[in-house]
Amino acid sequence: MNRLWVRLMVAFVAVTLVGIGIVAVLAGVRADSEFRNFLQEQENEQRQEVAEIVGAYYRNNSSLEGVGGSWNLSRSEHDRRRGQNFIIADVNGRVVYDEHGENTGAPLSPNQRQRALPVTANGETVGYVVFGSNGGPPPLATPEQDFLAQLRNSLILAGLVAGVLGIVLSIALSRTLTAPLANLAHAAHRFAARDWNQRVPVQGAQEIAEVATAFNAMADDLQKQEALRRNMIADIAHELRTPLAVMQGNLRAMLDDVYPLDRGEIATLYDETRLLSRLVDDLRELALADAGQLTLNLSNVDVREVLQNAAANFSIAADAQNVRVQVSSLPPLPHVRADADRVAQVLRNLLANALRHTPEGGTITLGATVQGKFVRVLVRDTGEGIAPQDMPHVFERFYRADKSRTRSTGGTGLGLAIAKAWVEAMGGKIGVESDVGKGSEFWFALPAEKN
Ligand code: ADP
């Protein structure tokens, strides 16, 4: 009873049965009374006919005496069948004809006088006809009763057929209406049991189709998240395993006196631990970004200053690679509302990437423009560029365009993901444009301070 389709069915059946019941009763009562009216009218017509025949008899014979003799011939068969009897009285109320011959010669009783139908001839009342014994509506003859009974039976039969049809349709309809919901519940259970490919067909009434669409969209999203999560764990494990294996191997070699226990070796190991702790810090930052818990120290930041500092900080590393780092001529720039350290960090990540991907003799240009209510900062290099198929993914975690590159030869694959997390946390946007073989231009836009 607690199932939706059963409830719907009960409601449909109840409505159907009540409807059919009301129609059947109304139709029955109405047909009965119409039929009785019809009979009554017929009866009245016949009575009138009798009175006219009696009147005609009077006109022919100037008296009602002997009226009964010719009577039986002209009486309608119908009247006889219904057992309707009548009395004819003369103008003084004396019975001149009684079908049963009982009261001939007797006067009409007061009751009979009341019900008497006058017989007229030449505009004068010449006698009376009194029908029936009690004057009420004529009793129904058997065929008429049969007709009414048949009518009632037909109505009951029609009601029963309609009722059964109603029940069958109700069951079909309520099951059709609720089947998609059952599908949805089934799919949701399967999905909860980690069957990630469960989807439901989008069908049925609009509202149910909308729920199915929403469910499928949610399932797509969760499946994607789950795949990302799995990849992320695998990537983290991979990133941690490689340096740990190197350190372990080197330490083992030192213990076994294969490597000398000197400062150079220890410094290498120390560098590995620094890189490892950097990786762990990066991961922690991304976890905080996911939880929306990056803490910002917002102030009005002078972009020009940040750009010049970044260029100066990278000049030594760039010189070593024979790459030129320059700041293009900047237009007047409003301050941005941001966390100065984080802006410097984002710029550092972009510059480090640019330096890593720019060959000797190349140039890295830092610039900034005003764009509406934002200041757009850019880092352009003359490096190898990014292939179009890699473009949508470079900001994803652990994504490396060149899969063969490892942490030792390149970065962790987290630099751009972290830059994106910080820029977005500060209410900005980040993006890239690139021409393979010519270079890339990474940009981020931060909201200008409000004056
Ligand atoms: P990584 O630590 O590997 O550099 P990032 O998240 O910083 O990780 O960058 C992701 C990938 O984007 C890089 O592996 C590289 O393939 C590509 N990339 C980033 N910056 C540049 C650039 N300036 N030129 C060409 N490719 C770039």
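No experiment lies behind these values; they were computed from the predicted model shown. The numbering scheme is per chain: residues are counted from 1 as the chain's sequence reads. Totals for whole chains, interfaces and linings use all residues, but because this is a predicted model, local features are given only for residues with pLDDT of at least 70 and pairs of side-chain atoms are given and counted only at 80 or more. Excluded from the side-chain calculation are hydrogens and water; included are all heavy atoms of the structure.

Asks: Any details on the overall build of the chain? Residues and values, ideally.
Replies: A run of H or I in DSSP counts as a helix once it spans at least four residues, and a run of E counts as a strand once it spans at least two, with each numbered from the N terminus. Across its full length, the chain holds ten helices and eleven strands. Along the first, second and third principal axes, the C-alpha atoms of the chain reach 160 × 60 × 40 Å. The buried label goes to any residue with under 20% of its type's maximum accessible area, the exposed label to any with over 50%, and the partly exposed label to all in between, with areas taken from a 1.4 Å probe on protein chains only. Of all 451 residues assigned to the chain, the portion counted as buried reaches 36%. Only heavy atoms matter for contacts: two residues are in contact if any of them lie within 4.5 Å across the pair. When contacts within the chain are restricted to residue pairs at least 6 apart in sequence, long-range pairs at least 24 apart make up 66% of them. When the accessible surface of the chain is split by element, carbon and sulfur atoms take 56% of a total near 26,600 Å². Positive charges are assigned to Lys and Arg, negative charges to Asp and Glu, while His and the chain termini are left out of the count. The location of each charge is read from NZ of Lys, CZ of Arg, CG of Asp or CD of Glu. The average position of the 45 basic charges and that of the 51 acidic charges among the side chains of the chain differ by 4 Å. Note on areas: Shrake-Rupley with a 1.4 Å probe; residue coverage comes only from the protein chains shown.

Asks: Account for unusual backbone geometry, with residues named and values stated.
Replies: In this structure, Ser 62 is a non-glycine residue whose phi angle is positive, near 55 degrees. Inspection of the secondary structure assignment puts Ser 62 in the loop between α1 (4-61) and α2 (67-74). Look at Ser 62 and you get exposed, because its relative accessible area is 55%. Located in the positive-phi region is Phe 398, a residue other than glycine, with phi close to 65 degrees.

Asks: Residues and numbers for the packing of α1 against helix α5 (residues 142-192), please.
Replies: Contact geometry of α1 with α5 gives a least axis separation of 8 Å together with a crossing angle of 160 degrees. Between α1 and α5, the interaxial angle falls into the category roughly antiparallel. Judged by the sense of rotation from one axis to the other, the crossing of α1 with α5 is right-handed. Note on definitions: angles span 0 to 180 degrees between N-to-C directions of axes, and those axes are lines fitted to C-alpha atoms, for helices only across the stretch in contact. In what follows, roughly perpendicular refers to angles from 65 to 115 degrees, roughly parallel to angles under 35, roughly antiparallel to angles over 145, and oblique to any angle outside these ranges. Left-handed describes a crossing whose near helix is turned anticlockwise from the far helix by less than a right angle; the clockwise case is right-handed.

Asks: An account of the sheet that holds strand β10 (residues 429-435) is needed here, citing residue identities and associated values.
Replies: By definition, two strands form a pair when at least two bridges between them are found by DSSP. As summarised here, the arrangement of the five strands in space is β6-β8-β9-β11-β10, forming an open sheet in which the pairing is mixed. Looking at strand neighbours, the two that pair on one side only are β6 (324-327) and β10, the edges of this open sheet. If you compare each strand with its neighbour and ignore which way they point, the axes differ by 15 degrees on average. By the bridge criterion, seven bridges tie strand β9 (residues 374-381) to strand β11 (residues 439-447) in an arrangement that is antiparallel. Counted as the bridge partner of Phe 374 is Pro 447 from β11.

Asks: So what about the sheet that holds strand β4 (residues 124-131)? Which residues, and what values?
Replies: Strands sit in the order β2-β1-β4-β3 across an open sheet of four strands; the sheet is antiparallel. Each edge of the open sheet is held by one strand with a lone partner, namely β2 (95-98) and β3 (117-121). Direction aside, the axes of adjacent strands within the sheet are offset by 25 degrees on average. In the sheet, β3 pairs with β4 via five bridges, with the strands oriented antiparallel.

Asks: I'd like a rundown of the environment of Leu 151, residues and numbers included.
Replies: With respect to the secondary-structure elements, Leu 151 resides in helix α5. Taking the relative accessible area as the measure of exposure, Leu 151 reaches 28% and is therefore partly exposed. A C-alpha to C-alpha distance of 8.2 Å links Leu 151 and Ala 31, two positions 120 residues apart in sequence.

Asks: Which residues make up the packing of α5 against helix α6 (residues 206-255), and what values do they have?
Replies: The interhelical angle for the contact between α5 and α6, taken along N-to-C directions, is 10 degrees, at an axis separation of 10 Å. The angle between α5 and α6 falls in the class roughly parallel. Residues Leu 177, Pro 180, Leu 181, Leu 184, Ala 187, Ala 188 and Phe 191 of α5 pack against Ile 208, Val 211, Ala 212, Phe 215, Ala 219 and Leu 222 of α6. Each residue is assigned to one of three groups, with Ala, Val, Leu, Ile, Met, Phe, Trp, Tyr, Cys and Pro labelled nonpolar, Asp, Glu, Lys and Arg labelled charged, and all others, Gly among them, labelled polar. Considering only residue class, the contact of α5 with α6 consists of 13 nonpolar, no polar and no charged.

Asks: Please set out the pairing of β2 residue by residue, giving values where relevant.
Replies: Note that strand β1 (residues 86-90) and β2 share three bridges and pair antiparallel. Within β2, the position partnered with Ile 87 by the bridge is Asp 98. The hairpin turn running from β1 into β2, its antiparallel successor, is four residues long, and Gly 93 in that turn takes a positive phi close to 90 degrees.

Asks: Give me the side chain of Asp 32: which residues, what numbers.
Replies: When you line up the elements, Asp 32 lands in helix α1. For this analysis, a polar contact is any N or O atom pair within 3.5 Å, provided that within protein one partner can donate a hydrogen and the other can accept it, and provided that sequence-adjacent residues contribute only side-chain to side-chain pairs. A polar contact is formed between the side chain of Asp 32 and the side chain of Arg 36, at a distance of 2.7 Å. The contacts of Asp 32, once residues within four sequence positions are left out, are Leu 148 and Arg 152.

Asks: Give a description of α6 that names residues and reports values.
Replies: Because an α-helix packs 3.6 residues into every turn, residues spaced three or four apart end up facing the same way. To estimate the expected span of a helix, subtract one from its residue number and multiply by 1.5 Å. Here α6 contains 50 residues, and its C-alpha end-to-end distance of 72 Å stays within 8% of the 74 Å for a straight helix at 1.5 Å per residue. Backbone geometry just after α6 places Asp 257 at a positive phi near 60 degrees.

Asks: Please give an account of a nonpolar patch on the surface that cites residues and values.
Replies: Patch members must show over 30% relative accessible area and no salt bridge, and they are joined within 9 Å when carrying like charges or within 5 Å when they are nonpolar side chains of Val, Leu, Ile, Met, Phe, Trp or Tyr. Each reported salt bridge corresponds to a side-chain nitrogen of Lys or Arg within 4 Å of a carboxyl oxygen of Asp or Glu. Judged by side-chain polarity, Val 18, Ile 22 and Leu 26 come together as a nonpolar surface patch covering roughly 300 Å² of accessible area. As for its position among the elements, Val 18 is in helix α1.

Asks: Go over helix α8 (residues 303-320), please, and point to the residues and values.
Replies: Compared with the 26 Å implied by 1.5 Å per residue over 18 residues, the 26 Å span of α8 between its first and last C-alpha is a close match. Those residues of α8 not exposed but buried are Val 303, Val 306, Leu 307, Ala 310, Ala 311, Phe 314 and Ala 318. Here the buried face of α8 lies against β5 (299-301), β6, β7 (336-338), α9 (340-357), β8 (363-371) and β9. Of the residues flanking the start of α8, the one acting as N-cap is Asp 302, its side-chain oxygen 3.1 Å from the backbone nitrogen of Arg 304.

Asks: Before we move on, could you go through the pairing of β8 and cite the residues and values that matter?
Replies: By the bridge criterion, four bridges tie β6 to β8 in an arrangement that is parallel. The partner of Val 327 across the bridge, within β8, is Leu 366. Inspection of the sheet shows β8 paired to β9 by eight bridges, in the antiparallel sense. When the sheet's bridge partners are listed, Ala 368 is paired in β9 with Val 377.

Asks: Mind laying out the packing of aromatic side chains, listing which residues take part and the relevant values?
Replies: In this scheme Phe, Tyr and Trp rings, the latter by its six-membered ring, pair at centre separations within 6.5 Å, and the angle between planes marks the pair as stacked below 30 degrees, edge-to-face above 60, and tilted otherwise. In this structure the tally under the stated criterion is six aromatic pairs. Taking the centre distance of 5.4 Å and the plane angle of 50 degrees together, the rings of Phe 86 and Phe 131 count as tilted. Here Phe 131 lies in strand β4 and Phe 86 lies in strand β1, a separation of 45 residues in the sequence. Side by side, Phe 86 and Phe 131 carry an identical accessibility label, which is buried. Geometrically, the ring pair formed by Phe 191 and Phe 215 is edge-to-face, given 6.2 Å between the ring centres and 70 degrees between the ring planes. Of this pair, Phe 191 sits in helix α5 while Phe 215 sits in helix α6, and the two are 24 residues apart along the sequence. An identical accessibility class is assigned to Phe 191 and Phe 215; each is buried. Here the aromatic cluster, defined as three or more aromatic residues joined through ring pairs, consists of Phe 86, Tyr 97 and Phe 131. Cation over ring: Arg 175 sits above Trp 5, and NZ or CZ is 4.2 Å from the ring centre. Whether a charge lies above a ring is judged from NZ of Lys or CZ of Arg, which has to be within 6 Å of the ring centre and within 35 degrees of the ring normal.

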